[in-house]
Amino acid sequence: MSRALARWTAVLLFLVPAVARAQGLLVVVDPHQQARLPRPVVIHHYHPPIPHPPPPTPPTSYKIQELDVHARLIDQVAQVQVSQSFVNTGSRQMEVAFVFPLPYDGAIEQMTLLVDGKEYPAKLLDAKDARQMYEEIVRKNRDPALLEWMGTGLFKTSVFPVPPGAKRTVSLRYSQMCRKQEGLTDFLFPLSTAKYTSDAVEKVNIRATIESQIDIKNVYSPSHAVEIKRPDDRHATVTFTCKNEVPSTDFRLLYDVGKGKVSTRVLSYRPDRGRDGFFLLLASPKIKAPDEKRPKKTVVFVVDRSGSMSGKKIEQARGALQYVLNNLREGDLFNIVAYDSQVESFRPELQRFDEKTRKDALGFVEGIYAGGSTNIDGALRAALGQLQDSSRPNYVLFLTDGLPTAGETNEMKIVANAGESNKVHARIFSFGVGYDVNSRLLDKLVRANFGQGEFVRPDEDIEDRVSRLYRRIESPVLTGVEITFELDELRSEEGKPINRVYPSGSFDLFAGEQLVVVGRYKKAGTAKVIVRGTIGDEKQKFDFPAKLVNKSDDETHAFIQKLWAIRRVGEILDELDLKGKNDELITELVTLSKRHGILTPYTSFMADENAGVHDLAGDTRRAEVRLRELGQTDGADAFGQRLAKQMYLNADRAAMVPAEPLMEAAKAAAPGLGTYAGRSPGSGRSRSGGVSGYGFEGSSTPVTGPAARGSIVAEAGQEAQVAIRTVRNLGNRTFYLRNGRWVDSLVTEQQEAKARRVKQFSDAYFELAETHGKKMSQYMVFDEPVLLSLGSQAYLIEP
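Residues numbered from 1 in each chain as written. Predicted model: local features only at pLDDT ≥ 70, side-chain atom pairs only at ≥ 80, totals over all residues. Heavy atoms only, no water.

Engineer: Looking at this structure, how should I read the pairing of strand S16 (residues 235-245)?
Structural biologist: A regular strand carries its side chains on alternate faces of the sheet. When strand S13 (residues 201-211) meets S16, the two strands line up antiparallel, connected through ten bridges. Each residue of the ladder has a partner; that of Arg-207, found in S16, is Thr-239. Between the antiparallel neighbours strand S15 (residues 227-232) and S16 lie two residues. (Pairing = 2+ DSSP bridges. Helix = DSSP H or I, 4+ residues; strand = E, 2+ residues; numbered from the N terminus.)

Engineer: Is there a simple way to explain the sheet that holds strand S14 (residues 216-220) in this structure?
Structural biologist: What links the strands of a sheet is backbone hydrogen bonding, and the strands pair in either a parallel or an antiparallel sense. Taking strand neighbours across the sheet as the criterion, the four strands line up as S11-S12-S17-S14 in an open arrangement whose pairing is antiparallel. This sheet does not close on itself; its edge strands, each paired only once, are strand S11 (179-181) and S14. Averaged over all pairs of adjacent strands, the angle between their axes in this sheet comes to 25°, without regard to strand direction. Looking at chain direction, strand S12 (residues 184-189) and strand S17 (residues 251-257) are connected through five bridges and run antiparallel. Considered in S17, the bridge of Leu-188 is made with Arg-252. (Axes fitted to C-alpha atoms, helices over the stretch in contact; angles between N-to-C directions.)

Engineer: Hey, could you run me through the confidence of the model for the protein in this one?
Structural biologist: Interpretation of the predicted coordinates at a detailed level should be avoided for regions scoring low in pLDDT. Mean pLDDT over the protein: 83, with 86% of residues reaching 70 or higher. Below pLDDT 50 for its whole length, residues 1-22 participates in 64 contacts with residues either more than four positions away or in separate chains. Here residues 42-50 is modelled with pLDDT under 50, and outside its nearest four sequence neighbours on either side it reaches 31 contacts, counting other chains as well. (pLDDT = per-residue confidence, 0-100. Contact = heavy atoms within 4.5 Å.)

Engineer: I'm lost on the packing of aromatic side chains in this one. Help?
Structural biologist: Working definition: an aromatic ring pair is given by the centre-to-centre distance plus the angle between the planes. Throughout the structure, instances matching the rule amount to 18 aromatic pairs. Aromatic pair Phe-278 and Trp-564: ring centres 5.3 Å apart, planes at 55°, arrangement tilted. A residue pair is termed long-range when its members are at least 10 positions apart, and Phe-278 in strand S19 (residues 277-285) and Trp-564 in helix H9 (residues 559-579) qualify at 286 residues. Centroid distance Phe-346 to Phe-364: 5.7 Å. Interplanar angle 55°. Geometry classified as tilted. Taken as a pair, Phe-346 in the loop between strand S22 (343-345) and strand S23 (351-352) and Phe-364 in helix H4 (residues 355-366) lie far apart in primary sequence, 18 residues in all. In terms of burial, Phe-346 and Phe-364 fall into one category: buried. Ring pairing ties together the aromatic residues Phe-334, Phe-346, Phe-353 and Phe-364, which thus form one cluster. (Phe/Tyr/Trp six-rings, centres within 6.5 Å; stacked < 30°, edge-to-face > 60°. Buried < 20%, exposed > 50% of the residue type's maximum accessible area, 1.4 Å probe, protein only.)

Engineer: Help me understand the pairing of strand S24 (residues 394-400) in this model?
Structural biologist: Of all seven residues making up S24, seven are buried, and the element is well covered by its neighbours. Burial along S24 is two-sided: Asn-394, Val-396, Phe-398 and Thr-400 facing one way and Tyr-395, Leu-397 and Leu-399 facing the other are all buried. In terms of strand pairing, S24 meets strand S25 (residues 427-433) through six bridges, oriented parallel. Paired with Leu-397 across the strands is Phe-429, a residue of S25. Handedness of the S24-helix H6 (residues 411-421)-S25 crossover: right-handed. (Right-handed = clockwise from strand over helix to strand, strands pointing away.)

Engineer: Honestly, the sheet that holds strand S33 (residues 727-730) in this entry has me stumped. Any pointers?
Structural biologist: Ordered in space as S33-S34-S35-S37-S38-S36, the six strands form an open sheet in which the pairing is mixed. Because the sheet does not close on itself, it has two edges, and the strands there are S33 and strand S36 (756-759). The mean angle between the axes of side-by-side strands here comes to 30°, regardless of whether they run parallel or antiparallel. Summarising the sheet, strand S37 (residues 786-790) and strand S38 (residues 793-798) pair through five bridges and their orientation is antiparallel.

Engineer: Explain empty space enclosed by the protein to me, please; I cannot follow it from the model alone.
Structural biologist: Where empty space is left can be seen by rolling a probe of water-molecule size over the atoms. Scanning the entire structure with this criterion turns up six cavities of 30 Å³ or more. Estimated volume of the largest cavity: approximately 110 Å³. Listed by contribution, the elements that provide at least two residues to the lining of the largest cavity are strand S1 (25-28) and helix H2 (127-141). Tallying contributions element by element places S1 first for the lining of the largest cavity, with three residues. Considering only residue class, the lining of the largest cavity consists of eleven nonpolar, three polar and two charged. (1 Å grid on protein atoms, 1.4 Å probe; cavity = no way out; pocket = protein on both sides within 12 Å on 5 of 7 lines; lining within 4 Å. Points joined across faces, edges and corners; volume = space filled by probe spheres on them. Nonpolar A, V, L, I, M, F, W, Y, C, P; charged D, E, K, R; others polar.)

Engineer: Can you help me understand the packing of helix H5 (residues 376-385) against H6 in this one?
Structural biologist: Axes are the key here: two packed helices are described by the angle between their axes and the distance separating the axes. The N-to-C vectors of H5 and H6 enclose an angle of 10°; their axes lie 9 Å apart at closest approach. Overall, the two elements H5 and H6 adopt an arrangement that is roughly parallel. Counting all contacts with H5, which are made through Ile-376, Asp-377, Arg-381, Leu-384 and Gly-385, the residues of H6 involved are Lys-413, Ile-414, Asn-417, Ala-418 and Ser-421. Residue classes in the contact of H5 with H6 are distributed as four nonpolar, three polar and three charged. (Parallel < 35°, antiparallel > 145°, perpendicular 65-115°, else oblique.)

Engineer: How should the environment of Thr-169 be read in this particular structure?
Structural biologist: Here Thr-169 shows up in strand S10 (residues 167-177). Distance from Thr-169 to Phe-86, taken between C-alpha atoms, is 6.2 Å for residues 83 residues apart in sequence. Once residues lying within four places of it in the same chain are set aside, the contact partners of Thr-169 are Ser-83, Gln-84, Ser-85, Leu-114, Val-115 and Asp-116. Polar side-chain contacts of Thr-169 include one of 3.3 Å to the side chain of Ser-85. (Polar contact = N/O pair within 3.5 Å; in protein donor to acceptor, adjacent residues only side chain to side chain.)

Engineer: In this structure, what is going on with the pattern of salt bridges? I would like to understand it.
Structural biologist: Pairing between side chains of opposite charge can happen when their charged atoms approach one another. This structure, assessed with the given rule, holds 54 salt bridges. Arg-347 is paired through a salt bridge with Asp-360; the nearest N and O atoms lie 3.5 Å apart. On the criterion of sequence distance, the pair formed by Arg-347 in the loop between S22 and S23 and Asp-360 in helix H4 is long-range, its members being 13 residues apart. Judged by relative accessible area, Arg-347 falls into the partly exposed class, the value being 29%. Taking relative accessible area as the criterion, Asp-360 reaches 27% and is therefore assigned partly exposed. Residue Lys-645 is joined to Asp-577 by a salt bridge in which the shortest nitrogen-to-oxygen separation is 2.8 Å. Note that Lys-645 is positioned in helix H12 (residues 636-649) and Asp-577 in helix H9, a separation of 68 residues in sequence. For Lys-645, a relative accessible area of 2% translates into the label buried. Residue classification places Asp-577 among the buried residues on the basis of a relative accessible area of 5%. Several salt bridges share partner residues, and in doing so they unite Asp-443, Arg-447, Glu-571, Asp-574, Glu-575, Asp-577, Lys-579, Arg-642 and Lys-645 into one network. (Salt bridge = Lys/Arg side-chain N within 4 Å of Asp/Glu carboxyl O.)

In structure tokens:
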């Protein structure tokens, strides 16, 4: 790096903190070659796969074989190493340059770039020169993909060759200040550039370590399902790994540091000043030291030992019981209730946990064998009746694999009896094992008893699912938590400042847990967040400052609106499931699903290319017919529907693929659907001439298994396969393929009628991208015609 460049980057580094950004692309620079960035056609198959003739090898194409990212985050500085392997999958040698888009609001302090271990000089282009280069490439290659990065500068290496079949490994090392907002440090790695590859990336590995001189509090990724390990208060390791997938979303990690027992941070997003805004609240308790005194709790394990539990299931249930018993703490109270036609307790009353009671309980567990009917009502009343002390956290872990067949069998009466017996606000965590459970009954039980439901597929390990939940709840830090907002200038007649908050009601906060709360707010301004709860028998109160924005300038926090919409969809489905038909809720379900591309078993018809975009009344009628299937209480279809509902309710990231919960449900209820691998990352024509995509091959294969023809989940699963090709989420918007063109879900009928036509790759096209920047350019990357909205004006961009 030249001295002048080093001085320039150092100055900019301290003036404008930036988000770390390091992923790059290979761009063919031969003026005689027209080479588009590669897109995958199909990356996953049915099992067994359907044979297809291999497509012809294109002259110029490449795939990203492996991507390895290591980031060390110390205070607010990111030190990043990236290794990215490219393979020339084309039939001719490529003369390429590695192009590295700079962050939109800053620059890299130090960057070393190597190709197969040899250092290559990198030339810095400012935003103006970079735009000229992007535009030239887009015009020459007739490929809109690079428009996504217009408006930023870039580093570009000198040219190096890549022969057919050859592999090149590009390595980057750099350090950079991360952006910080509302107390949260924001680390962003642009993983989505890896979507330009001819085939799935064989392996993506991201590892970020966080080190701080002050206690680390909240650690949260809104983009990926990460694993977080926190060995102590001042260190955290965040990992994400996937195989044979095409990344479609940038990797993002938020964290903060601070003092105190609980830390709370609030981010907000309000795209329209005249409507409710959306907030995200992160809360995390102080991590307890191993020798620190922890609050005592009560745990009662209620386990089904009916005849249907025989074999592997009862063995795994015993393993789950053994895990819980071996992880209770001195001073905890516990008991075990085993039931079939009869109800039997380990002891008549709660036992104080110590070495003797642990060994005695393990002996009781060894004597649990399957046989008889299923007396759910009697078992729950026996367990809840033992709980008398409301000053300590009380948890009931309830496991069943069947329907109530002994004692009280009426669904409503079982729920009512449990509620009457629950005098201490105990939280019931249910585990429904297999397809024969009454899944609606379990949902009603946990909803009425402040808990959460889990559904365990027949091929899943019961012990693993129970132990995972127990690890989360084994150390309650703050119980009966309630969160309120107070705004300085809110008048009483204006009502509550926040609404539609999820999770709703009170909850418990556990050591090492990352709480994610989303909701809406009416009024912007400076606020105070008040967290109330109980530690032991002492009431506690914490307050934190927050700012709710009046109008957001960009889409940095747009993920908050999407995450809220996903959880709201789950809440609506829960209301319809447990309380019955409600016309207003059905209309809201369809509206949210269409706006955000959230595919449910009841709205997956949106994937149909022949469906209208603006026919809300017709879509609502179609959804209403499908929602009748919620009347099913047991069987594979009922299981799949409620598994999907739980995924919406418990979603913790906004970048969830639209069909992800639906396909998980379909896999559970209809194994013949195969394995879900993701969704198409970009537009582009496939080699067969259709619109390219990936995910499922051979969608006409008939569904087999327990959810065959007539199944709402199987039917929706088939539609979700179509959605891989016809529904696309970009940024904060959803596009639907209709009659050969993509339609922005924000476009109204009135806007569509007055849409301004723009020819792709014309001067007006590039002027539009330059004038509106990323607000427009990120949505101009389709090959097919696209109808999109910008403010009050719609634009129809056509080839």
